[in-house]
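If you want the building blocks of each chain, they are given just below.
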Amino acid sequence: MTLLEEANDILQKKALSVKDYNRFVEIGKQLKKLDDEFEYSWLAEGFYLRLPEIAVKEGNYNFIKNEEF
Amino acid sequence: MADILETSTKYRIRQIEIAEAEYYQQLTKVLDKIEDDIASLANKILPTTNGKLIDLQAAIAIRPQIKSILEKNYLSWSDRVVRKGFGEQSKRVERAFKTIGLIPPEFQELTKGDLALVKNLKQQYFTQFKDISNTFTRTLSEKVYQNTLLGSEFTVLEKELRQSINGIYSSSNDPRMNRLVDYIKRNKNDLSKATLVDKAVKTLQTKFGSDRAGNNMKRYAGQLLNDSLRDFDATLNFNKAKDAGLTYVKYYGDIIPTTRSLCRNMINGVYDRSGKGIYTIADITRIWNSNSWSGKKSGTPMINRGGYNCRHQFSYVNPDWYEEDGEESSILKKATPIIKKESKVNVSSYLNPITLASIRTVPKKVSQARISKSIKEGSEDIRYPRNPNGTVKYRYSGSQYIGKVNLRNLSDEMATKVSVILDELNDLAAKYNIPRLRGIYSNRQGNNIMAMGDGVLKINPDKLNFVERQTKFLAFMNKKHNTNISMKTYKEWKYGDKTILWKEKKVVYDRPFSADHYLDGDLDKLRNTMYHEFGHHVHQMKYVTKDTYQYGGGYISKVEKDLRSLTIKFPVKSPSNYAKVNDKEWFAENFSLYSMGKRKDLIDPKFIELIEGLQK
């Protein structure tokens, strides 16, 4: 599975956790080619809208570091 | 010439009133003749025994003759209204634009497009006048048939026929009633006698039992006359102003006893934030949407008026024409019009979006100030939920940017474009009756192209080279999947095409990746992406108010619930690959194309049904 496919899979998950968040961010850092980054930039746009699901479980947004999102 | 604009607008309004009075007088005569002709026809061809109607065959045979009387008299009058009345008003609109002069000459005259619009409006309103004729042919014929079936006295039928045509204004055997009817007919349009006319109407209703609100032909035709002349003027005026790039308006109207509170407030300057009596179209739409009253029409206030006999009109202006002290600019007072060629620079609206040629890059601090002004207004919008202690409630990360503008790493050019498109987003906020954005920040982290939450827009300055990124994406996919799809073929994709088929292990790419890929140029792609984000703002904030106490991390809005239910129950059409990701992206991708009026063939009809319901 490519990194992009993995990012896609995470985004499609019914329930998200901090672990998913960390992995999604990590994938973004590993992508180097513009072509991959292009698609990831949109997946990340969609992922942002799902952050509240994680925040509800965690009770806050402290899991986001360095203004990653 | 102290105020060309006011003089010209008042002239236009006055001429509509004169035309209406003239045509109403003609209508009165026409309907009186129809009333007499039909009463006489019925008397002549309907046999009676002891004064009672007896012959059903004769009652059926009368219909074509009723139709003929209506068409001969009433439709000739209707034709005159739309041909002469509309024709003359279109010349007045043209004259008004020429008199103002401060717009490019090509927009001062009626263009081919304007003439086509005039023709269409004539046809449209004539059809409406004809509908009234058809309706009353049927009504009158049914009255003849029903009364004959019941064996009613002819005098009963005659009264019903006359009242169906003229209502309380129908002829009567009672001379006192006729005197009142004559008085009302003569003075109906004389504002100085409005109180006396009202009193006469009340006397007719109470003493003589006449029903003013009855479904009579005079009422409907009179109302359509009133509506058609003003709606025609408003539509043509709006169309010409749009072409000329005039996106601000001044309100004109006067006060009569029945003036609605909205119009009264407009005249009294209650909503005037500029202090100059100038409003954006978005302002007017917001004011219109936030007020309700009996008889209010749906649709844009730029064309629809408050209801019957509403007397408000707008004149389209450029704010540059007004000085800081609120007086009309001296350029309006000069006899020779001056054409301000740059009047459209960096001015944009949802209805008249700016083109690249009209954008002049300004220093970032100028854009910062422009955006900050809008964001300040947005952050003060009381519809954004707050905690009891006054702090803001938030659902998404990035709440620290609420009320703030940060354009770091954006070029002057990009900041200018964002500031200009923000005006379009503000118009969209008014259109969907939701708050404006209350924060914009530029952030390189996270790698997302943009993001939207809590009314805050995040922009990634490194991802805005749209054309370059699309070109590289297509080249990459072609190489990876050993295809040779040209940009033209890619952009022209439509439902049913099998030209794109890039299969990966878990994902199939069978259409352009994102909605902006159908568009040309970085400006439209930026606009599309900002509209996409605004689509998220719509599903997040529609119906949310300061009292939405649940607003926060676990909150799901009404639109989001509806959206989930819709996409689960029905198969949806996705205009792009990204629209397939989930229901919210399906919504935002459709929203961006719908709002830009692009690739309408790709927009899911279910989305259109949903979004049109959100404009109410």
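Everything numeric here is computed off the predicted structure, so don't read it as measured data.

## A look at the overall build of chain B
When helices and strands are counted, chain B shows 19 helices and eleven strands. Relative to its full complement of 616 residues, chain B shows a buried share of 52%. Of the contacts formed within chain B by residues at least 6 apart in sequence, a portion of 70% connects residues at least 24 apart. For chain B, the accessible surface area stands at approximately 27800 Å², while carbon and sulfur atoms represent 51% of it.

## Section: the overall build of chain A
Within chain A one finds four helices and zero strands. When the helices and strands of chain A are placed in sequence order, the string is α-α-α-α. Classification of the 69 residues of chain A by burial places 57% in the buried group. In chain A, the share of contacts with a sequence separation of at least 24, taken over all contacts with a separation of at least 6, comes to 60%. Put simply, chain A shows about 3100 Å² of open surface, and 51% of that area lies on carbon and sulfur atoms.

## Quick word on helix 1 (residues 3–12) of chain A
By the burial criterion, the buried members of helix 1 of chain A are Leu4, Glu5, Ala7, Asn8, Ile10 and Leu11 of chain A. Summarising the contacts, the buried residues of helix 1 of chain A are in contact with helix 2 (18–30) and helix 3 (34–48) of chain A.

## A closer look at the interface of chain A and chain B
Accessible area lost during the coming together of the parts is what is often quoted as the interface size. Facing the 33 residues of chain A at the interface are 45 residues of chain B. Here chain A packs against chain B, burying approximately 3400 Å² in sum over the two surfaces, 56% of which is carbon and sulfur. When the buried surface of chain A facing chain B is broken down by residue, Phe38, Trp42 and Tyr48 of chain A rank first, second and third, together holding 22% of it. For the pair chain A and chain B, the interface holds one salt bridge. Across the salt bridge formed by Asp9 of chain A and Lys506 of chain B, the nearest N and O atoms sit 2.7 Å from each other.

## Concerning the confidence of the model for chain A
For chain A, the average pLDDT comes to 91, and 100% of its residues sit at 70 or higher. Element-level mean pLDDT values for chain A span from 91 in helix 3 of chain A up to 95 in helix 4 (residues 51–58) of chain A.

## A few points about the pattern of salt bridges
Residues and elements named next belong to chain B. For the structure shown, the criterion picks out 36 salt bridges over all chains. Close ionic contact of Asp79 with Arg83 constitutes a salt bridge, the shortest N to O distance being 3.0 Å. Separated by four residues within a single helix, Asp79 and Arg83 lie in helix 3 (residues 63–100), roughly one turn from each other. Overall, Asp79 belongs to the partly exposed group, its relative accessible area being 27%. Under the relative-accessibility criterion, Arg83 is labelled exposed at 55%. When salt bridges with common partners are traced through the structure, they connect Glu35, Asp36, Glu158 and Arg162 into a single cluster.

## Section: the confidence of the model for chain B
Residue and element names in this part refer to chain B. Summarising the model, chain B shows a mean pLDDT of 86, and 89% of its residues fall at 70 or more. Considering only residues more than four positions removed or in separate chains, one finds that residues 324–343, a stretch of pLDDT under 50, has 39 contacts. Here the complex is predicted with pTM 0.54, and the ipTM for its interfaces comes to 0.96.

## A look at the nonpolar core
Within the largest apolar cluster, 99 residues are counted, with the highest numbers of intra-cluster contacts made by Leu51 and Phe69 of chain A together with Phe587 of chain B. Looking at this core, the element that brings in the most residues is helix 13 (residues 412–431) of chain B, giving nine residues. Counting residues in each nonpolar core, the second largest holds 73 residues, with Ile69, Val118, Tyr251 and Cys263 of chain B among its members.

Definitions and limits used
Residues numbered from 1 in each chain as written. Chains lettered and ligands numbered in written order. Predicted model: local features only at pLDDT ≥ 70, side-chain atom pairs only at ≥ 80, totals over all residues. Heavy atoms only, no water. Helix = DSSP H or I, 4+ residues; strand = E, 2+ residues; numbered from the N terminus. Buried < 20%, exposed > 50% of the residue type's maximum accessible area, 1.4 Å probe, protein only. Contact = heavy atoms within 4.5 Å. Areas by Shrake-Rupley, 256 points an atom, 1.4 Å probe, with all protein chains shown as cover. Buried area = accessible area lost by both parts, 1.4 Å probe. Salt bridge = Lys/Arg side-chain N within 4 Å of Asp/Glu carboxyl O. pLDDT = per-residue confidence, 0-100. Core = buried A, V, L, I, M, F, W, Y, C linked by side-chain atoms within 4.5 Å.

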